[in-house]
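For reference, the chains in residue letters:
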Amino acid sequence: MKLNDFKIGTQFRLGLGLILVLVVILGAIAWVQSDDLWQQTKGLYEHPHAVRRALGKLEVDVEVMSRQARDLFLVRNEQETMACLQIIEIRKNDAERQMDVLYDRYLGPREDVVALHEDLSKWNVLREETVRLFMVGKTAQAEARIQPGGAQNTQAEAVRSRLQKIDLFAYNKSEEFYRAAEEESLTLKHQMAVVTTIILLLTALVGWLLLKGIKGPITKLAAAAEQFRQGQMDTRCGYVSENELGTLSASFNAMAEAIEMQMRINTNVAQLSDAMLREEEVQAFCRELLKGLLSHTGSQVGAVYFLNDAKTAFEHFESIGLGTGGRTAFAATEREGELGAAVATQRIQHLRDIPADTRFAFPTVSGNFMPREILTIPVLTGQTVTAVISLASVRAYDTASIQVVEEIWSVLTARVNGVLSYRNIQALVEKLEYQNRELNAQKEELAAQAGEMAAQSQELNHQNTELEMQKQELNESNRLKSAFLSNMSHELRTPLNSVIALSGVLNRRLANVIPADEYSYLEVIERNGKHLLSLINDILDLSRIEAGRAEISVSRFSVRELAGELVEMIEPQAVEKRVALLNQVPGDLPLIASDQGKCRHILQNLVGNAVKFTEVGHVTITAEVISGTFRMRVADTGIGIAATHLPHIFDEFRQADDSTSRKYGGTGLGLAIAKKYAVLLGGGITVESRLGEGSTFTLQLPLTLASGPVVEEAREAMGSQATGAVSSLSGQGQSILLVEDNEPAIIQLTDILQAEGYHIMVAHNGQEALRLIEQQVPHAMILDLMMPEVDGFQVLKAIRSVERTAQIPVLILTAKHVTKQDLNFLKGNHIHQLIQKGDINKAGLLAAVARMIAPPSEKPASPPALSPAGGGRRRFARPGKPVVLVVEDHPDNLRTMRALLQEAYTILEATDGQVGVEQARSHQPDLILMDIALPVMDGYQALAVIREDESLRDIPVCAVTASAMKGNREDILARGFDAYISKPI
Ligand code: ADP
């Protein structure tokens with residue numbers, strides 16, 4: 001393995017390790033050498049140096065002792081002698097110590113030291129002898145010994161010479177040591193210099209090697225990268241090694257390789273895309289596409305197959321290098337083989353195991369063409385494969401080729417679809433062009449007809465205008481029809497009332513006067529008259545509904561009670577026919593909030609019909625509430641209705657069949673009105689019936705009708721319904737002018753009034769009336785409004801303009817529909833009362849006339865007395881029944897109230913507010929029941945007057961009104977009424 005192959009880290013570690021080893025060696029050498037040096041120094045110090053110091057001291061000791069021995073002779077006293085001896089002794093001991101040093105440290109021959117020691121010892125003996133001699137006084141002897149040549153002195157010389165000899169040796173020895181050390185030091189320097197140099201050299205070598213090992217490949221890599229960047233895609237880095245840089249270089253090469261391949265693929269894809277964009281026509285496009293694909297994938301065979309219109313098979317469309325075998329179609333359902341797999345998976349298929357019988361094999365001059373690999377590309381339109389492109393090659397496809405195919409796939413799909421769409425559009429364009437041509441031809445033809453059409457269009461416009469006019473006329477006639485029906489009904493009611501009234505009169509007068517046979521005709525006349533009246537009333541109802549004038553007044557009431565009332569009413573007919581009439585409405589049903597009058601009307605019709613059309617069996621009324629809806633059923637066991645007639649029985653004037661109408665009579669309006677009312681109340685009526693078995697009518701109504709405020713019934717206050725006679729007043733001596741153009745009415749009224757003792761003057765028209773008044777002013781007048789030439793209004797105006805007649809009480813009796821305008825006029829000319837013909841009976845008429853004529857003062861009344869127990873409102877303690885004043889302009893209502901109340905109360909009546917107030921003033925009633933819509937002075941004004949009047953203020957006033965139901969109950973109470981009762985009662 002080469003050094004370069006080592007990893008960079010390893011190379012660094014090796015170099016540094018080597019340097020480290022050299023440094024350690026250098027250290028070791030320095031260590032050993034300096035230790036040697038140290039030994040030299042130590043030897044020098046411990047031996048020659050110590051020896052020479054000891055020798056020095058020894059020499060000093062010898063000298064001091066010699067001097068002291070001499071000084072003995074110079075001492076003057078004992079003390080000094082002792083001092084000298086003492087010093088000698090100290091020195092002697094010191095000399096012994098130095099001798100020990102010499103023995104220990106002297107490196108020369110030991111004999112030298114022994115000889116010195118012996119000489120020194122001899123000298124000591126001699127000196128001590130000298131001292132003894134001195135001490136004993138033999139001073140001269142002693143002195144002689146220390147003189148030159150004396151024994152002691154000689155010995156001293158011998159010692160000194162010994163000392164010098166040793167000193168010389170020691171000196172030589174130290175010289176020897178010094179030189180050795182010097183030598184050692186030199187060697188050390190030498191060695192250090194060598195080793196340091198080696199280390200430096202080695203470090204430089206290692207550094208150079210490392211630098212070379214790293215910089216070289218990096219430079220190569222950088223150069224390669226730069227060349228690559230400049231576009232030389234084939235540039236590769238030549239550095240090969242097993243270290244990191246080698247890996248980097250290999251990676252760079254691989255990357256460059258990949259990029260180069262991708263570039264190649266991209267170029268191929270771009271060229272292919274270009275080629276695909278060049279052609280729009282399918283055949284040319286496919287040829288270009290195949291050529292491109294073959295050249296860019298290295299294929300030898302290519303083919304395009306398209307899904308046929310029936311979507312059953314892929315048919316050969318275009319190919320290059322394909323044998324005839326490959327041109328056959330293959331089934332779209334085929335899921336295997338060279339092409340089927342691509343259709344099935346909708347992915348590109350790369351086939352390597354080519355079957356021997358492949359469609360791409362075919363004989364060539366140089367033998368059989370046998371592909372080694374096949375690439376099949378499916379083309380998708382939406383979710384369906386609509387085309388298949390197949391390529392075959394004798395060589396294995398390289399990655400780049402496959403990738404080219406993969407990358408071009410989406411573009412290819414889009415383009416194939418585009419080209420196919422283009423083909424379709426072309427076909428469409430051709431078709432459109434053809435159609436355009438045709439259209440142009442037709443246009444020209446039409447242009448010719450246009451002239452004709454214009455004329456027709458003008459005619460149509462004309463017709464349209466006419467139709468519009470007709471429509472307006474129709475609307476107008478519809479409106480007129482309603483108005484006509486409404487007016488005519490009123491007009492018809494007048495003569496009819498007369499017929500009924502007169503036949504009633506005759507009925508009473510001719511009993512037992514004419515033969516029974518003829519007498520019975522009167523009943524027929526009256527019955528038919530009533531029938532006709534009910535028909536007219538029905539028509540009136542219908543026209544009101546159609547004109548949208550039907551008003552709804554909502555109140556809360558019990559259906560069971562309503563059914564009870566109806567059963568009570570119709571019972572007589574049922575009993576007569578022996579048909580059982582059963583009210584099975586449960587008692588625990590909730591109250592319904594709806595228009596009671598209309599509900600009554602509907603149910604009355606249904607129950608009436610049921611009884612009418614039932615011969616045997618029973619009629620049952622039931623009711624239930626299901627999820628907020630009231631369901632009332634009227635079931636009978638009667639004749640039933642044929643299925644063919646069922647859909648029509650609710651139509652106006654429709655009856656099941658003619659025979660029924662002949663047998664049972666009827667108008668054919670009852671159900672029509674009932675249904676319209678039911679719809680008006682937010683519900684409906686349905687019917688189930690079987691001919692001969694019976695019928696069941698079901699009325700459905702919401703439990704609570706949304707529109708209108710719900711007015712609580714004040715039944716409790718009303719007591720039970722009762723009939724009674726009108727308070728009878730004598731008309732004796734009173735003259736009444738009857739202005740009426742209708743002869744039967746004249747006869748009827750005259751008949752009734754004369755019977756009461758009134759004197760009746762008759763005027764048949766306006767002029768006559770005015771003439772008669774001029775002659776004699778009557779006590780009162782009964783005035784018709786609709787008369788030829790001078791009508792009722794003119795008469796009224798004329799008499800009110802003359803003072804003499806201005807105060808005549810006038811009662812208007814008319815069959816005319818009184819408009820608001822009419823009413824205002826009448827109010828302005830203070831009429832006594834307005835009565836609609838047909839709305840009044842004999843008793844009512846007599847009561848009205850009596851009230852009109854009788855002056856208030858003449859009315860029986862006892863002055864009221866205050867009740868002692870009275871609190872709040874005043875109470876009157878009067879003998880007999882309490883007095884109730886009913887202020888009501890409608891005679892029927894008045895009559896009803898009277899019928900309801902008169903058993904328990906004394907009733908006073910007034911037909912307008914003003915009269916009401918006057919009545920109240922003169923009679924001080926216990927209670928006033930006040931209608932709101934009143935002539936002359938309405939209920940609100942009357943109440944205001946009553947409340948302002950000291951004497952009337954405390955009388956309780958209860959509003960009784962139907963018109964106020966559209967407003968709100970609280971509103972009425974807020975105006976000062978003490979209570980409130982809704983109509984109809
Ligand atoms: P009419 O005044 O003729 O009774 P309606 O509108 O009330 O008019 O009824 C229309 C027709 O429906 C009746 O003529 C009758 O033929 C049929 N009809 C109504 N109710 C019943 C019933 N309960 N049983 C049999 N037929 C009925």
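Residues numbered from 1 in each chain as written. Predicted model: local features only at pLDDT ≥ 70, side-chain atom pairs only at ≥ 80, totals over all residues. Heavy atoms only, no water.

As for the packing of aromatic side chains
Part 1 of the argument: For the coordinates displayed, the defined rule picks out 9 aromatic pairs.
Part 2 of the argument: Ring plane angle 75° and centroid distance 6.1 Å describe the contact between Phe-228 and Phe-252, whose orientation is recorded as edge-to-face. One end of the pair, Phe-228, is in helix α5 (residues 151-229); the other, Phe-252, is in helix α6 (residues 244-278), and 24 residues separate them in sequence. Assigned by exposure class, Phe-228 and Phe-252 land together as buried.
Part 3 of the argument: When the centroid spacing of 5.2 Å and the interplanar angle of 15° are considered together, the rings of Phe-314 and Phe-330 count as stacked. (Phe/Tyr/Trp six-rings, centres within 6.5 Å; stacked < 30°, edge-to-face > 60°. Helix = DSSP H or I, 4+ residues; strand = E, 2+ residues; numbered from the N terminus. Buried < 20%, exposed > 50% of the residue type's maximum accessible area, 1.4 Å probe, protein only.)

As for the sheet that holds strand β2 (residues 313-320)
Part 1 of the argument: The strand order across the open sheet formed by 6 strands is β3-β2-β1-β8-β7-β4, and the pairing between neighbours is antiparallel. Unpaired on one side and paired on the other, β3 (330-331) and β4 (349-351) mark the two borders of the sheet.
Part 2 of the argument: Note that strand β7 (residues 373-381) and strand β8 (residues 384-393) share 9 bridges and pair antiparallel. Bridging across to β8, Leu-380 finds its partner in Val-385.
Part 3 of the argument: Across the sheet, helix α7 (residues 282-297) lies against β1 (301-307), β2, β7 and β8, angled at about 65° from β2, the strand it touches most.
Part 4 of the argument: Contacting β1, β2, β3, β4, β7 and β8, helix α8 (residues 337-345) crosses the sheet at an angle of about 35° to β7. (Pairing = 2+ DSSP bridges. Contact = heavy atoms within 4.5 Å. Axes fitted to C-alpha atoms, helices over the stretch in contact; angles between N-to-C directions.)

Re α5
Part 1 of the argument: Between its first and last C-alpha atoms α5 spans 115 Å; for 79 residues at 1.5 Å apiece the expected length is 117 Å, and the two agree.
Part 2 of the argument: In the stretch just after α5, Gly-231 is the one whose phi turns positive, near 110°. (Expected span 1.5 Å × (residues − 1).)

Digging into the pairing of strand β14 (residues 684-690)
Part 1 of the argument: In terms of strand pairing, β14 meets strand β15 (residues 694-702) through 7 bridges, oriented antiparallel. Each bridged residue has a counterpart across the sheet, and for Gly-684 the counterpart in β15 is Gln-700.
Part 2 of the argument: Between β14 and β15, which pair antiparallel in sequence order, lie 3 residues; one of them, Gly-692, sits at a positive phi of approximately 85°.

Here's the deal with the pattern of salt bridges
Part 1 of the argument: Applying the stated criterion across every chain, the model contains 28 salt bridges.
Part 2 of the argument: Glu-280 is the salt-bridge partner of Arg-415, the closest N and O atoms lying 3.6 Å from each other. On the criterion of sequence distance, the pair formed by Arg-415 in helix α9 (residues 399-509) and Glu-280 in the loop between α6 and α7 is long-range, its members being 135 residues apart.
Part 3 of the argument: Relative accessible area serves as the criterion here: at 13%, Arg-415 is assigned to the buried category.
Part 4 of the argument: For the salt bridge of Arg-600 with Glu-565, the shortest nitrogen-to-oxygen distance reads 2.7 Å. (Salt bridge = Lys/Arg side-chain N within 4 Å of Asp/Glu carboxyl O.)

Description of the nonpolar core
Part 1 of the argument: Of all hydrophobic cores here, the largest spans 50 residues; its most connected members are Ile-602, Phe-630, Phe-697 and Leu-699.
Part 2 of the argument: Once you skip the residues sitting within four places of it in the chain, Ile-602 turns out to touch Ala-674, Tyr-677, Ala-678, Leu-681, Ile-685 and Leu-699.
Part 3 of the argument: Among the nonpolar cores identified, the runner-up in size contains 31 residues, and Phe-285, Leu-294, Leu-375 and Ile-377 belong to it. (Core = buried A, V, L, I, M, F, W, Y, C linked by side-chain atoms within 4.5 Å.)

What to know about the confidence of the model for the protein chain
Part 1 of the argument: In the predicted model, the protein chain carries a mean pLDDT of 83, and the fraction of residues at 70 or more is 89%.
Part 2 of the argument: For the stretch residues 855-877, pLDDT sits under 50, and the model shows 32 contacts to residues farther than four places along the chain or on other chains.
Part 3 of the argument: Contacts of residues 963-967 to residues separated by more than four positions or lying in other chains number 14 contacts, the stretch itself having pLDDT below 50. (pLDDT = per-residue confidence, 0-100.)

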